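Analysis of the macromolecular model
Here is what each chain is made of, one letter per residue.
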Amino acid sequence: MSEKDLSATIGTEVSTPGRAARTALDTIFGRNGDMALNVKAPPYNAKGDGVAVDRAAIQSAINDANASYAATGQRQSVFIPSGVYLLDSINYVKDDATTFGATSLKLLDGVELSGTGTLKVKNNAYGAGAFYRAISSRNGGASNAGVSGITIDGNKANQVGSSQCSNIMIEALANITVDNVKSVNANGNGIMVRGTRTTAATNLRITRNTVTNCTCVGIQCSQFDGLVIADNYVANTADNCIDIYGENGTILSNARNWSITGNTVRNGLVGIFPETSRDGIVSANTVSGCTIGVSINRINGQPIGVVISGNVIVACPTGVSVSGDTGGIQVRGNFIRDFTATGVQLGGGSGNISYVTVEGNDFQPNGATTYLINVAGSLAAFLRARNNSTTATNRAYDLMNTATTNVMNILEPPHCQTQVNRDQNLAVTGISVASGGTFTIPIPANTSGILTVKGTMGGGWQSAYVAAVASGSAAVAVAQSATTFTTPGNSIRNVAGSTTSLNVTVLAAASGSFGSFAWSYRYL
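Remember, it's a predicted structure, so these values are computed and weren't measured experimentally.

**Quick word on helix α2 (residues 55–72)**
Compared with an ideal rise of 1.5 Å per residue, which puts 18 residues at 26 Å, α2 spans 26 Å between its outermost C-alpha atoms and is within 8% of the ideal. Every buried residue of α2 is accounted for by R55, A57, I58, Q59, A61, I62, A65 and Y69. Of the residues flanking the end of α2, it is G73, one or two places downstream, whose phi is positive at about 75°.

In structure tokens, the structure reads:
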């Protein structure tokens, strides 16, 4: 019976099973039920014995599959049966016929490379300083293509040292999948898929892969509109484990509409790094043993609408880090434990930090003097920290704010789960403070709590100042200056701890009386 007759008999719904349950049909059908070209069959005759170099045979099958795709418009499969297929390297020829670096296999439009075999880069496949990729694509970008099921071994122990010799590096236009691949020992990135600074790739899916032992990034994607990175295992990377990037030199990032969910990452520089990206979510991931669990920053392109939620971040010195002016970042509902530096770091150095909400997270630090939430930098604006919790009892280290200038922040230290929150309703109204005058608010000694000072503006109460008070301190732990209302005469010019007691002083604006105000202190 011919392959055509067999296809008609069995039908077109046959799909490739998972790695653990391949069947004989894999030699006939590809992953999506399409007819597959078996690289061991004539005319390709790849050996797969770990001795012969099979690069040319596999590339010939890819070329034929691409020709069939061009003729039919149907995605084609190239099947790699079990075995070890050695790859040598050749010059990478760009679309304009110039040479740039080296490659082994060039994935073409409409082709899926799939199977159960291992592609292994042969010893000393390239020289020092090489820019190499075991699986590449046209530099103009591939469409409707993918890699599934196979193992790719970069064999970095038997190559010259490098960080730019990747196992998979696909220049993408649209509809690229990398699924159920095992990428190991990369002398650079394990899996990389990217668009260009001017053309964002669309519909990228990187799922169910195992990436280990890379000298650079485990999974990296850049310049895209529509990306799913889900259910991968990434470990032991010299750089970041999962890294996405959208810098194109403008304020609008061209990495957008993405999700990073359900991944397990461990032992890397940053576990998950959505750098200069927008409109995305980092959710339900487990991150451990990285320097920073999840990090968001800004180069030119502004992070906008990013949610970090429901992640378990364990044994990373810093759990979550956000830096730069943003268009709205939410850090909520994460379980952050065994950290030694900071649970959530907002800003740092001489930069700004803005529009970040930290809410509903649980902090379990490793160390009595570890800060749960740390705010730093030049300007901190529109930050919110509320409804977070901890079992730690060293309240002096719950919240630190060393930002030079603060604007409209509401920062509450996490509530201690072992203590009962009590509200002390000490609301004082009708107090008038003359221009330049002061009023002192007494704070009970040796207590931890949240101080809120409010003033009247336009007939309604407006919150003007919220500060954290640390137990056992000789002064308020966090002081904020120049927090003002918009109406002249209704301002809190300075709120700061006394150097000799826990009293807090309100200084009226020089331009007029403060008018009526109230204050309250909530014990923690």
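**What to know about the side chain of S136**
Inspection of the secondary structure puts S136 in strand β9 (residues 132–137). Here the side chain of S136 touches T103 through a polar contact of 2.8 Å, side chain to side chain. The residues touching S136, leaving out its near neighbours within four places in the chain, are Y92, T103, L105, K106, L107 and M169.

**What about the pairing of strand β7 (residues 111–115)?**
A regular strand carries its side chains on alternate faces of the sheet. Within β7, five of the five residues are buried, which leaves the element mostly enclosed by the surrounding structure. In β7, alternate side chains face the same way, and those of V111, L113 and G115 on one face and E112 and S114 on the other are all buried. Pairing geometry for strand β3 (residues 76–80) and β7, over five bridges, is parallel. Bridge pairing in β7 places V78 opposite L113. Bridge count for β7 against strand β10 (residues 142–148) is three bridges, and the pairing is parallel.

**Overview of unusual backbone geometry**
Going from P42 to P43, the amide bond is cis rather than trans, its omega being 5°. Within the secondary structure layout, P43 lies in the loop between β1 (36–38) and β2 (49–53). With phi around 60°, D231 is a residue other than glycine that occupies positive phi space. Positionally, D231 belongs in the loop between β18 (224–230) and β19 (233–237). Among the residues examined, D231 registers a relative accessible area of 48% and is labelled partly exposed.

**Overview of the side chain of T342**
Structurally, T342 is set in strand β32 (residues 342–346). With a relative accessible area of 6%, T342 lands in the buried category. Every residue in contact with T342, bar those within four places of it in the chain, is listed here: P317, T318, G319, T370, Y371, L372, I373 and N374.

What counts, and at which threshold
Residues numbered from 1 in each chain as written. Predicted model: local features only at pLDDT ≥ 70, side-chain atom pairs only at ≥ 80, totals over all residues. Heavy atoms only, no water. Helix = DSSP H or I, 4+ residues; strand = E, 2+ residues; numbered from the N terminus. Expected span 1.5 Å × (residues − 1). Buried < 20%, exposed > 50% of the residue type's maximum accessible area, 1.4 Å probe, protein only. Polar contact = N/O pair within 3.5 Å; in protein donor to acceptor, adjacent residues only side chain to side chain. Contact = heavy atoms within 4.5 Å. Pairing = 2+ DSSP bridges.

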